Amino acid sequence: DAKTTQPPSMDCAEGRAANLPCNHSTISGNEYVYWYRQIHSQGPQYIIHGLKNNETNEMASLIITEDRKSSTLILPHATLRDTAVYYCIVRLDSGGYQKVTFGTGTKLQVIP
Amino acid sequence: EAGVTQFPSHSVIEKGQTVTLRCDPISGHDNLYWYRRVMGKEIKFLLHFVKESKQDESGMPNNRFLAERTGGTYSTLKVQPAELEDSGVYFCASSQTPHTGSLSYEQYFGPGTRLTVT
């Protein structure tokens, strides 16, 4: 799986959009970009994933650059409950038998 | 629908003792995974069951760790004998098996078991 690079920490004001960047310059054509988060004392939680098109769900939006070498996770209106470590992961999808390889992630602090 | 549950939530044992962690996946999920985070490190994959069979156990650290999933439902992870470096949080996750040609279904994680070896 391709490696990813994320800033170690970020702050965001409550109610504002949180934009979390991720670089994955060695991503291959059949690898997907996944985002997970881990809120303190809880298990990791899946957020969103995409291949090359931008994606949106009830939690967040995922913007992937045209060359697929980087992406941005957007939390449109951050709340205090969004304070967590966010992991950008690149992985293959081949029949669902894919372990998740976590990196160090970005610690997002939402400030009141 | 109940999520992935893990028991116990916390366990404190002495070095050399045995501990068994339990994971109950979401009903109907054939895939069950174990992960752990030791102090200050990243979350690491341990192994993956498909039903009762071990699909991938490449992350198991050594033979002091034994995972089972008899009957393809709940799973146990036994550490015997426990060492100080086994302290950490052990997570279990489960997912459905996707249909041919579809994307994998996502993994749902449990809250974890915090293991402290003293």
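The structure we're discussing is the one just above.
In this report, the structure presented in the accompanying data block is examined. Remember, it's a predicted structure, so these values are computed and weren't measured experimentally.

## Overview of the sheet that holds strand β7 (residues 70-75) of chain A
Adjacent strands of a sheet form backbone hydrogen bonds with each other and so pair up, either parallel or antiparallel.
Residue and element names in this part refer to chain A.
Thought 1: Taken together, 4 strands build an open sheet; the order of strands is β2-β7-β6-β5 and the sheet is antiparallel. A single partner strand is all that each edge strand has here, and the edge strands are β2 (18-23) and β5 (55-56).
Thought 2: Relative to β7, strand β6 (residues 61-64) is paired through 4 bridges, and the arrangement is antiparallel. Each bridged residue has a counterpart across the sheet, and for Leu 62 the counterpart in β7 is Leu 73.

## Description of the side chain of B:Arg69
Residues and elements named next belong to chain B.
Thought 1: With respect to the helices, strands and loops of the structure, Arg 69 is situated in the loop between β7 (65-68) and β8 (75-79).
Thought 2: Buried and unpaired, Arg 69 has Asp 30 as its nearest opposite-charge partner, separated by 5.8 Å.
Thought 3: Only 2.5 Å separates the side chain of Arg 69 from the backbone oxygen of Asp 30, close enough to count as a polar contact.
Thought 4: Those residues in contact with Arg 69 that sit more than four places away from it in its chain are Pro 25, His 29, Asp 30, Asn 31, Leu 32, Phe 49, Val 50, Lys 51, Glu 52, Tyr 74 and Ser 75.

## As for the interface of chain B and chain A
Thought 1: Taken together, the contact between chain B and chain A spans 22 residues of the former and 22 residues of the latter.
Thought 2: Between chain B and chain A, a total of about 1800 Å² is buried, with carbon and sulfur atoms accounting for 55% of that surface.
Thought 3: Where chain B meets chain A, there are 1 salt bridge.
Thought 4: A salt bridge links A:Arg91 to B:Glu106; the nearest nitrogen and oxygen atoms lie 3.5 Å apart.
Thought 5: At the boundary of chain B with chain A, the tally comes to 6 residue pairs in polar contact (both at pLDDT 80 or more).
Thought 6: Elements that contribute at least two residues to the side of chain B that touches chain A include exactly β4 (31-38), β5 (43-50) and β6 (53-56) of chain B.

Criteria and thresholds
- Residues numbered from 1 in each chain as written.
- Chains lettered and ligands numbered in written order.
- Predicted model: local features only at pLDDT ≥ 70, side-chain atom pairs only at ≥ 80, totals over all residues.
- Heavy atoms only, no water.
- Pairing = 2+ DSSP bridges.
- Helix = DSSP H or I, 4+ residues; strand = E, 2+ residues; numbered from the N terminus.
- Buried < 20%, exposed > 50% of the residue type's maximum accessible area, 1.4 Å probe, protein only.
- Lys, Arg positive; Asp, Glu negative; His and termini not counted.
- Salt bridge = Lys/Arg side-chain N within 4 Å of Asp/Glu carboxyl O.
- Polar contact = N/O pair within 3.5 Å; in protein donor to acceptor, adjacent residues only side chain to side chain.
- Contact = heavy atoms within 4.5 Å.
- Buried area = accessible area lost by both parts, 1.4 Å probe.

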